[in-house]
Amino acid sequence: QVQLVESGGGLVQAGGSLRLSCAASGRTFSTTTMGWFRQAPGSEREFVATISWVGTSPYYADSVKGRFTISRDNAKNSVYLQMNSLKPEDTAIYYCAATYTMFAAKDSEYKYWGQGTQVTVSS
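Cut-offs used in this document
- Residues numbered from 1 in each chain as written.
- Predicted model: local features only at pLDDT ≥ 70, side-chain atom pairs only at ≥ 80, totals over all residues.
- Heavy atoms only, no water.
- Helix = DSSP H or I, 4+ residues; strand = E, 2+ residues; numbered from the N terminus.
- Rg over C-alpha atoms; globule rule 2.2 N^0.38 Å.
- Buried < 20%, exposed > 50% of the residue type's maximum accessible area, 1.4 Å probe, protein only.
- Contact = heavy atoms within 4.5 Å.
- Lys, Arg positive; Asp, Glu negative; His and termini not counted.
- Charge placed at Lys NZ, Arg CZ, Asp CG, Glu CD.
- Salt bridge = Lys/Arg side-chain N within 4 Å of Asp/Glu carboxyl O.
- Polar contact = N/O pair within 3.5 Å; in protein donor to acceptor, adjacent residues only side chain to side chain.
- Pairing = 2+ DSSP bridges.
- Axes fitted to C-alpha atoms, helices over the stretch in contact; angles between N-to-C directions.

Enquirer: Which residues make up the overall build of the protein, and what values do they have?
Expert: Helix and strand content of the protein: zero helices and 11 strands. The C-alpha radius of gyration of the protein comes to 13 Å, within 12% of the 14 Å expected for a compact globule of 123 residues. Referenced to the eigenvectors of the C-alpha coordinate spread, the extents of the protein come out at roughly 40 × 25 × 25 Å. In the protein, which comprises 123 residues, the share counted as buried stands at 42%. Restricting to contacts in the protein with at least 6 residues of sequence separation, those with at least 24 account for 58%. Here the protein holds 11 positive side-chain charges and 9 negative ones, and the gap between their average locations is 7 Å.

Enquirer: Now, about the pattern of salt bridges: what can you tell me, with residues and values included?
Expert: Counted under the stated rule, the structure contains four salt bridges. Between Arg38 and Glu46 there is a salt bridge, with the nearest N and O atoms lying 2.8 Å from each other. For Arg38, a relative accessible area of 4% puts it in the buried group. Residue class for Glu46 comes out partly exposed when judged on its relative accessible area of 33%.

Enquirer: Got a sec to walk through the side chain of Thr50? Specific residues and values, please.
Expert: Mapped onto the elements, Thr50 comes out in strand S5 (residues 46-51). Only 2.8 Å separates the side chain of Thr50 from the backbone oxygen of Met34, close enough to count as a polar contact. There is a polar contact of 2.9 Å between the side chain of Thr50 and the side chain of Tyr110. When near neighbours in sequence (up to four residues on either side) are disregarded, Thr50 contacts Thr33, Met34, Gly35, Ser57, Pro58, Tyr59, Ile70, Phe103, Ala104 and Tyr110.

Enquirer: Account for the sheet that holds strand S1 (residues 3-7), naming residues and giving values.
Expert: Strands sit in the order S1-S3-S8-S7 across an open sheet of four strands; the sheet is antiparallel. Edge positions in the sheet fall to S1 and strand S7 (68-73), since each has one partner strand and no second. Each adjacent strand pair in this sheet contributes to an overall mean axis angle of 15°, direction not counted. Of the pairings in the sheet, the one linking S1 to strand S3 (residues 18-25) comprises five bridges and is antiparallel in character. If you follow Glu6 over to S3, its bridge partner there is Cys22.

Enquirer: Provide a residue-level description of the pairing of S5, including the pertinent values.
Expert: Within S5, five of the six residues are buried, leaving the element largely enclosed by the surrounding structure. The sheet contact formed by strand S4 (residues 33-39) and S5 spans five bridges and is antiparallel. Pairing of Met34 across the sheet is with Ile51, part of S5. Taking the residues that link successive antiparallel strands as the turn, the S4-S5 hairpin has six residues, and the phi of Gly42 there is positive, at about 75°. Pairing of S5 with strand S6 (residues 59-60) involves two bridges; the strand directions are antiparallel. By the bridge assignment for S6, Thr50 is matched with Tyr59.

Enquirer: Mind laying out the side chain of Arg38, listing which residues take part and the relevant values?
Expert: Within the secondary structure layout, Arg38 lies in strand S4. At a separation of 3.5 Å, a polar atom in the side chain of Arg38 contacts the side chain of Ser63.

Right under this line is the structure:
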């Protein structure tokens, strides 16, 4: 019911900023909890951030807390991840995901996934 497409990835210098976007299709988008995950080469996919269907209670992984901000615009069927003070260890493929559960911070809890967008942070 929900299709997701990420965009906004690219190459940035350490300390720089980047904003990722996730465009969703489907009439049930506004009822979904949205999340961002990332996966570096040779690593497991890890949780980054999540936000409720009404845009409240954003929650972040400790590794990005204070640097990343998740937000959503239901009128535009989009969710965003503003990434500031980027570090080389933030380099990964970033995925957006959607689920109908109230809160979800594990990849197994998400039903719909985008194809990902590459973020590379140079030293």
